[in-house]
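Summary of structural features
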Amino acid sequence: MSAILRHCFASSLLLVMLGAPQAQAQAQAEEIAGTLGAVGSDTMAGLMLRWGEALTRQHPGIRLQLQASGSASAPPALVAGTTRLGPMSRPMNEAERRAFIERHGYPPRQLAVARDALVVVVHRHNPLESLGHRELDAIFSDSRRCGASEGVLRWRQLGLDRPEGRIRLHGRNAASGTQGLFRRIALCDGHFRPEVNEHPGSAAVVAAVAEDPRAIGYAGLNHLTPGVKALARREAEGVRHFPDPEAVRRGDYALSRDLYLYLNHPPGESLPAAERAFLDLVLSPAGQSIVEELGFVALPEARRQRQRQRQGLVLDEAGR
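What comes next concerns the included structure. (Residues numbered from 1 in each chain as written. Predicted model: local features only at pLDDT ≥ 70, side-chain atom pairs only at ≥ 80, totals over all residues. Heavy atoms only, no water.)

**Let's talk about the overall build of the protein chain**
To keep it simple, the criterion reads: Put simply, DSSP H or I for four residues or longer makes a helix, DSSP E for two residues or longer makes a strand, and each gets a number counted from the N terminus. Relative accessibility under 20% of the residue-type maximum defines a buried residue, over 50% an exposed one, and the middle range a partly exposed one, all with a 1.4 Å probe and only protein chains included. Every residue pair with non-hydrogen atoms within 4.5 Å of one another is taken to be in contact. Method for areas: the Shrake-Rupley scheme with a 1.4 Å probe, in which residue coverage is limited to the protein chains shown.
The number of helices and strands found in the protein chain is 11 helices and 12 strands. Taking all 320 residues of the protein chain together, the buried fraction comes to 47%. Contacts spanning at least 24 positions in sequence make up 75% of the contacts within the protein chain whose residues lie at least 6 apart. Accessible surface for the protein chain amounts to roughly 15,600 Å². Of this, 52% is attributable to carbon and sulfur atoms.

Shown next as C-alpha cells:
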C-alpha cells in the first residue's frame, strides 16, 4: 500500500472514530419519542409550552400537549389517568392527595419547578403606591378576617381625591391556584366580595385594570404591562415590600409561591424516557433560563440538585 493510500485510510478511520459518539448520541436522541400530555395551571401555560418547544428541539420525536384549564383541573386528570403530568400553581390539598392515593395506591410525585409571586395592580395613573394588609383585605373581602373595622368600597376611603367613585375589583376564577393563594394570604382565609370580576387568566385581569382608572386587581408577577402599576405591601410601621427576585426566591415576600409539577409515577418504576427528558430539561440551567425569560424566578441550584437526587434524575455531561 502506498504512503498516500495509507494516509487516506488512516484519515478515514479517524473520522469514523470521531464521528461515532456524535452519531450514537444523535441516534439515542431520536430514539426518545412520544406525546407528553399535561393538564393544569393557566399561570404555568407559557412555561410548559416553552419547555415543550425546547424539549422537541433536543428530541424531535417528543411532543407536549397542554390543556391549561387551571390548577384545580390537574388533580382530577391525574386521578382519572388522563394525564401523567399536572402543572399546578399551588400545592395539592389533602382531599386531592387522598383521592389520588385511593385510586392509585400511592401518592403523587411533587416537584417544585420555579418561583412566582402575586402582585396587586392598579391603573397606571392611579396615585396609590402601597396598601397595608388590613386595607387589602377590606377592599377584596366581605369577611375582614385580617382585622379591618370596616370595608373599603370607595377610593376616597384610602385618602385619595382620584379616582372618584366605587372601587372596581378584578381577580382570578375559582379553578385558579392564584385565587386560592390570594384568599389564604391576603384575605386571611376569608371570603371574596361577590362583586369581584373573575377572569380565567392573569393576563385578562391586568388588561381589565389597564382599561379602567377605578379598577384594582391581583395577578402573577410575570403578567405586568405598562398599563398598570404594581403596589407595594406596607407593614404597620410603614415599611414597604416589593416582590424583587431575591425576596421571591427566599420567600420573604408574603405573596410568593412555588410552582409545581405533579406526576403519576408508581414507586419503584423507572420514569418513561420522554418524561425523564422533560424533567431533566426543566431542572437544568437551560430550563431555568426559560423560567427567568418569562418573568418568573428560577430555583436555586442547591434546591434543584436536591430535587434531581430525590427524583432520581441525572443530567447529561453538557448540563442540559
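**Regarding the environment of tyrosine 253**
Going by this rule: Counting of polar contacts relies on pairs of N or O atoms within 3.5 Å, with two restrictions inside protein: one atom must be capable of donating a hydrogen and the other of accepting it, and residues adjacent in sequence are counted only when both atoms are side-chain atoms.
Looking at where tyrosine 253 falls in the secondary structure, it is placed in the loop between helix H8 (245-250) and strand E12 (256-263). With a relative accessible area of 2%, tyrosine 253 lands in the buried category. Measuring from C-alpha to C-alpha, the distance between tyrosine 253 and histidine 241 comes to 7.0 Å, with 12 residues separating the pair along the chain. In this structure tyrosine 253 touches Ala117, Leu118, Val119, Arg233, His241, Phe242, Pro243 and Ala247, once residues within four positions along its chain are discounted. A distance of 3.0 Å separates a polar side-chain atom of tyrosine 253 from the backbone oxygen of leucine 118.

**Quick word on the sheet that holds strand E11 (residues 240-241)**
Inclusion rule: Paired strands, as defined in this entry, are two strands with at least two bridges between them according to DSSP.
On the basis of which strands lie adjacent, the open sheet formed by 3 strands has the order E5-E10-E11 and mixed pairing. With partners counted over all chains shown, the strands left at the sheet margins are strand E5 (130-132) and E11, one partner each. Strand direction decides the pairing type here: E5 and strand E10 (residues 232-234), joined by 3 bridges, are parallel. In the sheet register, glycine 132 faces E10, and the bridge partner there is arginine 234.

**What to know about the state of the cysteines**
Note: disulfide means a covalent bond formed between the sulfur atoms of two cysteine side chains. Note the threshold: Note on terminology: disulfide denotes any pair of cysteine sulfur atoms within 2.5 Å.
Taken as a whole and judged by the stated rule, the model has 1 disulfide. With a sulfur-sulfur separation of 2.1 Å, cysteine 146 is cross-linked through a disulfide to cysteine 188. With the S-S bond torsion at 115°, the cross-link from cysteine 146 to cysteine 188 turns out right-handed. Note that cysteine 146 is positioned in the loop between helix H5 (133-140) and strand E6 (168-172) and cysteine 188 in the loop between helix H6 (177-186) and strand E7 (197-199), a separation of 42 residues in sequence. With a relative accessible area of 27%, cysteine 188 lands in the partly exposed category.

**A closer look at H6**
Gly177, Thr178, Gln179, Leu181, Phe182 and Ala186 are the residues of H6 that are buried. Cysteine 188 occupies a position one or two residues after H6 and carries a positive phi of about 55°.

**Things to note about the packing of H5 against H6**
Basically, it comes down to this: Angles shown run from 0 to 180 degrees and are taken between the N-to-C directions of axes, each axis being a line fitted to C-alpha atoms and, for helices, limited to the stretch in contact. An angle below 35 degrees is treated as roughly parallel, one above 145 as roughly antiparallel, one from 65 to 115 as roughly perpendicular, and anything else as oblique. In this classification, the charged set is Asp, Glu, Lys and Arg, the nonpolar set is Ala, Val, Leu, Ile, Met, Phe, Trp, Tyr, Cys and Pro, and all remaining amino acids, among them Gly, are polar.
Where H5 contacts H6, the axes come no closer than 10 Å and their chain directions differ by 125°. The angle between H5 and H6 places the two elements in the oblique class. Each of His133, Leu136, Asp137 and Phe140 in H5 lies in contact with H6, whose residues at this interface are Phe182, Ile185 and Ala186. Grouping the amino acids of the contact of H5 with H6 by side-chain chemistry returns 5 nonpolar, 1 polar and 1 charged.

**Some details on unusual backbone geometry**
Of note, the amide linkage connecting arginine 162 to proline 163 takes the cis form, showing an omega dihedral of 0°. Inspection of the secondary structure assignment puts proline 163 in the loop between H5 and E6. A positive phi is found at arginine 144, a non-glycine position, where the angle reads about 50°. Residue placement: arginine 144 occurs in the loop between H5 and E6. Phi at cysteine 188 takes a positive value of approximately 55°, unusual for a residue other than glycine.

**What to know about the nonpolar core**
Rule in force here: To form a nonpolar core, buried Ala, Val, Leu, Ile, Met, Phe, Trp, Tyr and Cys residues must be joined to one another through side-chain atoms within 4.5 Å.
Residues Leu131, Ile139, Phe140, Leu158, Phe182 and Ile216 are the most contacted members of the largest nonpolar core, which totals 40 residues. Elements represented by at least two residues in this core include exactly strand E4 (109-123), H5, H6, helix H7 (202-210), strand E8 (215-220) and H8. Apart from residues lying up to four places away in sequence, leucine 131 is in contact with Val120, Leu136, Ile139, Leu158, Ile216, Leu231, Ala232, Arg233 and Arg234. Counting 29 residues, the second-largest nonpolar core is a separate cluster that includes Leu47, Leu55, Leu85 and Phe296.

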